[in-house]
Amino acid sequence: MNTARFRLLINRSKYFPRLYTTDAGFGNLHEATKFYSPLFNMNDSTMYKYLAKHSFLMDLSPTDIKRKVSYLKYINADNSEILAYPKLLTLHLITIENRTTILRECGLVETLNLLTISKYITIIKKTIDTLKKNKLIPADLDMVEQLKKQFDTGVFPDIKSSADLELQSLRELFMDTFLRQRLSLNDQESAKLWKSYSKIKHKSFGHTQRVLDILQHDYKFSRDKIVANFFLLYADPENLLRFPNTVPKIADVSIRELVLKQPKILMVPCDNVKEIQTLLQEHGIAEAGVLKFSSILTLAPASILARIQQLRKTKEFEVLSNHPRIVKLIAFQKKAIVRLDFLHQLKVRCASLNVLSSHSQCFEKYVRDGYDRTKGKDVAHYLNEIFDRNDDDALQRLKRHQNWYHVPIVQMQESLEYLKSKSFKIDHIYENMYLLLYPVTRISEKLEKLIACKYQQEPYEDLGIELSNVTPEQMLSLCLYLVELDFHFTGDGVWPDQIQQSDATTTTNIDMPQTLKKEYKYGKKAPKSTISD
């Protein structure tokens, strides 16, 4: 490698896309060969043999591979050198860039090549004397002075001699001194940093200074804000700079204003956030939910799309697809599906979105209390959506029925769809909304007979009245009357035949599976044998 050109190139500023991709690897050797052969200008036969020997390359994302090869060629590595160190391609691009920059900062310029980059972990743990004996750095290099040059301001750690110090230890001393000065850290804050975020030692000095400059000057982060969120030191400076232009706002809130409240957003590739915004818009999901449940941004766009598609297939979720909390459900969907399955086994029908995505303690309390009841907020949102209202009238009207909270929204939706299929308008249904609480089987049994009597101009036997002049609204009122008549107007008809009233009104004494307390928190399904115990 031409070291003079290498030295020139690594000092230039060039942006390489850094985000993780969700591309799958290659299905077989033939597919991988067709990709790698033109990339490295090698014939198919030779590349096929190479990939058979280094099969791990088949698991890598094609998009990521192109980015890494582009960077390695940018620092003047040729195809043969890259193929000599294939393990480098398994590292993230940011890691490769960091290693390159750190070694340069430490004076490894003439010896900086793909071999030293691949041996970074070994090199960084060597003492300064050992590096000189192995001719990795010049014999006359003063490492302390070399590291001091990497800072814009004077950084003077208390070091008497560096010869016997490991390069990593020396760098840590400089990093600690710099951060103490720049952020006015006390001993306790410094200890917290190195205990919880020790990987900062693998960040270059230039990277760390640049991140702090951007956070403090571009985003107006205070010293206390950065100390409270030390993870921001791991941020990608290029991503920080591109964020305001790529994602100017989320749900009409400026990104600069939003990240002050939710700094973790800055750790997400801005291109991912932009793609997630587009996905939510395409599927009619309001962005406002992202403001409360920003953890959804940490998911890959492909994962979010898959979860939205799964949501549409799950009737308990699909019926509330426009609920403000649906973003939280997408973020915690795996956990919600496992919980929903568990509740079905317990014959619990009315779990709310809040219960399905809440903390483990809240969910356990809900199960142990044994109250199978619909959440008023979920029902209010559902009613306002189907009746196109923005007040509390629909819910207050429904609450007059003594068993309204024992009916799952899914059952209400099924009844609504049935009534609409019979050409009843929303206004007619609104005036008889109690019908939505009853199973379709009970409604259809009465309504079909009423409609038949009307068109045959025959009196309904149980009522003894002529139905030819009955309006649609009156027809639904008669249907409701007949359904409730069968249960002596107690309201108990809301339960399907296979569901006993006691299933929903009595407290259940449940032996909670051990996995529900721990693994369910992370969305892992408990073994069937455990659940059924």
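The shown structure was predicted, so the numbers you read here are calculated from the model rather than taken from an experiment.

What counts and how
Residues numbered from 1 in each chain as written. Predicted model: local features only at pLDDT ≥ 70, side-chain atom pairs only at ≥ 80, totals over all residues. Heavy atoms only, no water. Helix = DSSP H or I, 4+ residues; strand = E, 2+ residues; numbered from the N terminus. Buried < 20%, exposed > 50% of the residue type's maximum accessible area, 1.4 Å probe, protein only. Areas by Shrake-Rupley, 256 points an atom, 1.4 Å probe, with all protein chains shown as cover. Expected span 1.5 Å × (residues − 1). Contact = heavy atoms within 4.5 Å. Salt bridge = Lys/Arg side-chain N within 4 Å of Asp/Glu carboxyl O. Phe/Tyr/Trp six-rings, centres within 6.5 Å; stacked < 30°, edge-to-face > 60°. Patch = residues over 30% accessible without salt bridge, like charges linked within 9 Å, V, L, I, M, F, W, Y side chains within 5 Å. pLDDT = per-residue confidence, 0-100.

Caption draft 1: Examining the overall build of the protein chain more closely. Along the protein chain, the regular secondary structure elements total 33 helices and two strands. In the protein chain, buried positions account for 50% of the 533 residues. For the protein chain, the exposed area adds up to about 26500 Å²; of that, 49% sits on carbon and sulfur atoms.

Caption draft 2: Looking closely at helix H13 (residues 205-218). Between its terminal C-alpha atoms H13 stretches 19 Å, which fits the 20 Å expected from 14 residues at 1.5 Å a residue. Those residues of H13 not exposed but buried are Phe-205, His-207, Thr-208, Gln-209, Val-211, Leu-212, Ile-214, Leu-215 and Gln-216. Where H13 is buried, its residues touch helix H6 (93-105), helix H10 (143-148), helix H11 (167-183), helix H14 (223-228) and helix H15 (237-246). Of the residues one or two after H13, Lys-220 is the one with positive phi, at around 60 degrees.

Caption draft 3: Summary view of the pattern of salt bridges. In this structure the tally under the stated criterion is 18 salt bridges. Between Arg-368 and Glu-364 there is a salt bridge, and its shortest N-O distance comes to 3.1 Å. Here Arg-368 pairs with Glu-364, and both are found in helix H24 (residues 360-369), just four residues apart, close to one helical turn. On the accessibility criterion, Arg-368 (35% relative accessible area) is partly exposed. Between Glu-431 and Arg-397 there is a salt bridge; the shortest N-O distance is 3.4 Å. A residue pair is termed long-range when its members are at least 10 positions apart, and Glu-431 in helix H28 (residues 426-431) and Arg-397 in helix H26 (residues 393-398) qualify at 34 residues. Classification of Arg-397 by relative accessible area gives partly exposed; the value is 23%. Three or more residues are tied together by salt bridges with common partners; here these are Asp-176, Arg-180 and Asp-187.

Caption draft 4: The packing of aromatic side chains, seen in detail. This model, assessed by the stated rule, comprises 16 aromatic pairs. Ring centres of Phe-26 and Phe-35 lie 5.2 Å apart, and the angle between their planes is 40 degrees; on these two criteria the pair is classed as tilted. With respect to class, Phe-26 is no different from Phe-35; both count as buried. Here the aromatic rings of Tyr-197 and Tyr-234 are separated by 6.0 Å at their centres, their planes lie at 65 degrees, and the arrangement is edge-to-face. Residue Tyr-197 is found in the loop between helix H12 (187-196) and H13, and its partner Tyr-234 is found in the loop between H14 and H15; the two are separated by 37 residues along the sequence.

Caption draft 5: Spotlight on a nonpolar patch on the surface. On the surface, Tyr-481, Leu-485 and Phe-489 cluster together into a nonpolar patch covering about 270 Å² of accessible area. Residue placement: Phe-489 occurs in the loop between helix H30 (472-485) and helix H31 (501-505).

Caption draft 6: Unusual backbone geometry, seen in detail. Located in the positive-phi region is Ser-184, a residue other than glycine, with phi close to 50 degrees. Position of Ser-184 relative to the elements: it lies in the loop between H11 and H12. Positive phi values are uncommon outside glycine, yet Ser-423 reaches one of about 70 degrees. Inspection of the secondary structure assignment puts Ser-423 in the loop between helix H27 (409-421) and H28.

Caption draft 7: Examining the confidence of the model for the protein chain more closely. With 88% of its residues at a pLDDT of at least 70, the protein chain reaches an overall mean of 85. The secondary structure element of the protein chain with the lowest average pLDDT is helix H1 (residues 3-9), at 38, and the one with the highest is H14, at 96.

Caption draft 8: Inspection of the side chain of Ser-37 at higher detail. Tracing the sequence through the fold places Ser-37 in helix H2 (residues 29-39). On the accessibility criterion, Ser-37 (2% relative accessible area) is buried. Not counting residues up to four positions away in its chain, the partners in contact with Ser-37 are Met-42, Asn-43, Asp-44 and Met-47.

Caption draft 9: Spatial organisation of the environment of Leu-57. Positionally, Leu-57 belongs in the loop between helix H3 (44-53) and helix H4 (62-74). Relative accessible area serves as the criterion here: at 2%, Leu-57 is assigned to the buried category. Each C-alpha atom of the pair Leu-57 and Tyr-36 lies 9.5 Å from the other, and the pair is 21 residues apart in sequence. Not counting chain neighbours up to four residues away, the residues in contact with Leu-57 comprise Phe-26, Tyr-36, Tyr-50, Leu-51, Pro-86 and Leu-89.

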